[in-house]
Protein chains: 2
Amino acid sequence: MKFNISDRMSNVKGSAIREIFKVLADPEIISLAGGNPAPELFPNEEMAETAYKVLKENPVAALQYGITEGYTPLRNSVKALLKERENIDEEFNETIIVTGGQQGIELAVKCLVNEGDGVIVEEPSFVGALNTFRSYGANLIGVPLEDDGMNIDQLKKAIKENKNIKIIYTIPTFQNPSGITMSVEKRKALYEIAKENNIAIIEDNPYGELVFDGEKSPTIKSMDKDGVVIYCSSFSKVLAPGMRVGFVCAHKDIIGKMVVAKQVSDVHTPVITQIMADEYIKRPDFSQHIEDIRKLYAHKCSVMLEAIEKHFPKQITHTVPRGGLFIWCDLNGDYNMDEIAKYCTSKKVACVPGSAFMVDQDKKCSAFRLNYSTVTDEKIKAGIKILGDVFNEIIK
Amino acid sequence: MKFNISDRMSNVKGSAIREIFKVLADPEIISLAGGNPAPELFPNEEMAETAYKVLKENPVAALQYGITEGYTPLRNSVKALLKERENIDEEFNETIIVTGGQQGIELAVKCLVNEGDGVIVEEPSFVGALNTFRSYGANLIGVPLEDDGMNIDQLKKAIKENKNIKIIYTIPTFQNPSGITMSVEKRKALYEIAKENNIAIIEDNPYGELVFDGEKSPTIKSMDKDGVVIYCSSFSKVLAPGMRVGFVCAHKDIIGKMVVAKQVSDVHTPVITQIMADEYIKRPDFSQHIEDIRKLYAHKCSVMLEAIEKHFPKQITHTVPRGGLFIWCDLNGDYNMDEIAKYCTSKKVACVPGSAFMVDQDKKCSAFRLNYSTVTDEKIKAGIKILGDVFNEIIK
């Protein structure tokens, strides 16, 4: 038996990051390659008690088939949260609970993109989203990121030069992998351009709450008076990613179709984890929990930035994130970070080479991503020192 | 903003069964339309205690990101279970944990079927699978079911007459919606035909354990020496469907690709529910739990069959299942069950018209599906009596 893989899936390789994870089994390696939230902030006790309570008091609701749209009390909590914390409140919106934010992106592209249709992405962008678009045969069109978000002239050019563009995918706040936040002006411009051209925006906002100074940028969805924006987020970064509870808020017409797509995918998100999430976000200390996460990441990020300033050659540029999990660095020159990252691994430090986040993954790339969320201060310092030694050796 | 829905999703309507579910909010309605397992057999206490224990003892494993392939101890338990209970034991096989059996089907079709490629299905067949195939633009080809499974001559004819057939989808044991079980001879024939024509078989086996007399039929996968069969099942019918824990066992080459497809879909199945399932199936009383379910469904099925014999006009034929959740009935004539089912609902009994399970859902259909798993004996008797009255009124 010889399986003939479909064209759409022939386009997709496993994530390069996952390949790197394989070497991380070595306990001596300092991994700055991950993207996991800090486990010391998981509310273990509360989750154990909530799970027990839910299954004791309401076992049938938690164990029987649920509805595809999601557990109704959680959908209501999400609506309240979006109104309160993000100023998202249009009547035409509807929400669906999904099995992690990634599924929201997948359902949207499945419903909107024919094979060969265009999807505009920031470059670099989140590898999970890029692969989802590839897995539906989308034509990926990269628009370069600047320090304040997508290059708007390049965006206009991309729309002019390409046909059948259906989606602009953006992570406007604390972008993965760059850590960059899009300015309010650019958010407005992007929204208007999408609206004029009848292109949907997927606004992916998993990191928005992780703002170091507490001053949140307005979401593009909060500006959406026309139903242009499909807003995807999750509880992975503010509660726990292993639970796989995410949500999408968008115009009810597209949500209705996404519900049908979800029905044929996993029928519904597990109910227990939905109820657990609902119970947790209703707790009076949920806001304080987010504050604790913000403080921890702000601290770890500052430790890493300080070490970078101390140990990296000046030629290497880096972003200075205002929140989130990532710093993006660039060697700026004719360097191949795929090779260099392998060499760094032999020196017991892992980072992700920038090519993984590009539309053309085979093109030589001198940039790389660093993560600070799960590493101790000491390991951040030691890891950056080792990387600095490598770079000083390479850059003459 | 006007969303243009992709061609693949334009083909898919929401499940007709879900539409029927909307009227079921009326507590006076006796629903023989469902397909839910009996909630009185959910192991509520055990699940509450397991969830608490898991989150107390191993919170980081349960709450942090997991691997796409699934929680390793559960994968090992599934392998052991398949060997022990189904005689599935080839070296070339690999398993992946999925978010309910439905996701196994979706990942397989996404990886194997280009738009326009053929998928052969039993007719009638499971509406969730049909819609998944439609959602990837597959060309559905129906092969009629006989009392001992697919019509093999028609299967050969379908393969001869259609190009690019990639999958034969079958539920050989206690089929949904018919309750029919494929004979061992037909299983062998189907396997050989698929092998000769290099077509993958998806063997969907969610009901196999629910065998009334305890005499299980051999799975097609147990005959698979060539890696032809993609075997999908779940814990939805032997544990609890709301947990959404299923699994696929197939040749490692296709599993490898399905892992990539799952990575871009929901990254991984929630870890808590995987650990809970693993803990439960390792319990010494798991076999006894399955026995209890078998006994209950055998009883309920016999109550329904007795009532059918008593109240339905003789012209109406019905299947006599040896297990599972469903009985299939046919009025045998120029009747439109879509209309009649609506009339039955007005008489406060719901069943699912057969058209929902057909390749061409718009074709007039005189058959319908009955379910007995969640209804009390009294309601089964009362419901069948009311249906009998309606049919006696219609059939002159």
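About the criteria used
- Residues numbered from 1 in each chain as written.
- Chains lettered and ligands numbered in written order.
- Predicted model: local features only at pLDDT ≥ 70, side-chain atom pairs only at ≥ 80, totals over all residues.
- Heavy atoms only, no water.
- Contact = heavy atoms within 4.5 Å.
- Buried area = accessible area lost by both parts, 1.4 Å probe.
- Salt bridge = Lys/Arg side-chain N within 4 Å of Asp/Glu carboxyl O.
- Helix = DSSP H or I, 4+ residues; strand = E, 2+ residues; numbered from the N terminus.
- Phe/Tyr/Trp six-rings, centres within 6.5 Å; stacked < 30°, edge-to-face > 60°.
- Buried < 20%, exposed > 50% of the residue type's maximum accessible area, 1.4 Å probe, protein only.
- Pairing = 2+ DSSP bridges.
- Axes fitted to C-alpha atoms, helices over the stretch in contact; angles between N-to-C directions.
- Right-handed = clockwise from strand over helix to strand, strands pointing away.

1. A short note on the interface of chain B and chain A
Okay, so step 1: Every contact between the two is made by 84 residues of chain B and, on the other side, 84 residues of chain A.
Okay, so step 2: Between chain B and chain A lies a buried interface of about 7,100 Å² when both sides are counted; carbon and sulfur atoms form 59% of it.
Okay, so step 3: For the chain B face of the interface with chain A, the top three residues by lost area are Met1(B), Phe3(B) and Leu63(B), together amounting to 10%.
Okay, so step 4: Between chain B and chain A we count 4 salt bridges in total.
Okay, so step 5: Glu106(B) is the partner of Lys110(A) in a salt bridge, and the nearest nitrogen-oxygen pair spans 3.1 Å.
Okay, so step 6: For the side of chain B that touches chain A, the elements supplying multiple residues, two or more each, are α1 (7–10), α3 (44–57), α4 (59–63), α6 (101–112), α7 (127–134), α10 (252–263) and α11 (271–281) of chain B.
Okay, so step 7: It is α3(B) that provides the largest number of residues to the side of chain B that touches chain A, a total of 9 residues.

2. A few points about the packing of aromatic side chains
Residues and elements named next belong to chain A.
Okay, so step 1: A full pass over the atoms with the stated rule returns 18 aromatic pairs over all chains.
Okay, so step 2: Their ring planes at 90° and their centres at 5.9 Å tell us that Tyr207 and Phe326 sit as a pair that is edge-to-face. Note that Tyr207 is positioned in the loop between β7 (200–204) and β8 (229–234) and Phe326 in strand β11 (residues 326–330), a separation of 119 residues in sequence.
Okay, so step 3: The class of Tyr207 is buried, set by a relative accessible area of 5%.
Okay, so step 4: A residue is classified by how much of its surface remains accessible, and Phe326, at 2% relative accessible area, is buried.
Okay, so step 5: The rings of Phe312, Phe368 and Phe391 are connected pair by pair, giving a single aromatic cluster.

3. Describing the sheet that holds strand β5 (residues 149–150) of chain B
All names here are of chain B.
Okay, so step 1: Read from one edge of the open sheet, 8 strands run β2-β9-β8-β7-β6-β3-β4-β5, paired in mixed fashion. Each end of this open sheet is capped by a strand with a single partner; those strands are β2 (93–98) and β5.
Okay, so step 2: Pairing between strand β8 (residues 229–234) and strand β9 (residues 246–251): 4 bridges, direction antiparallel. If you follow Tyr231 over to β9, its bridge partner there is Cys249.
Okay, so step 3: Contacting β3 (118–123), β4 (139–146), β5 and β6 (165–170), helix α8 (residues 152–161) runs over the sheet at an angle of about 165° to β4.

4. Comments concerning the pairing of strand β3 (residues 118–123) of chain A
All names here are of chain A.
Okay, so step 1: Burial analysis of β3 places 5 of its 6 residues in the buried class, which makes it a mostly covered element.
Okay, so step 2: Across 6 bridges, the pairing between β3 and strand β4 (residues 139–146) is parallel. Each bridged residue has a counterpart across the sheet, and for Val119 the counterpart in β4 is Leu140.
Okay, so step 3: The parallel pair β3 and β4, bridged by helix α7 (residues 127–134), forms a crossover whose chirality is right-handed.
Okay, so step 4: Bridging between β3 and strand β6 (residues 165–170) involves 4 bridges; their strand directions are parallel. Bridging across to β6, Gly118 finds its partner in Ile165.

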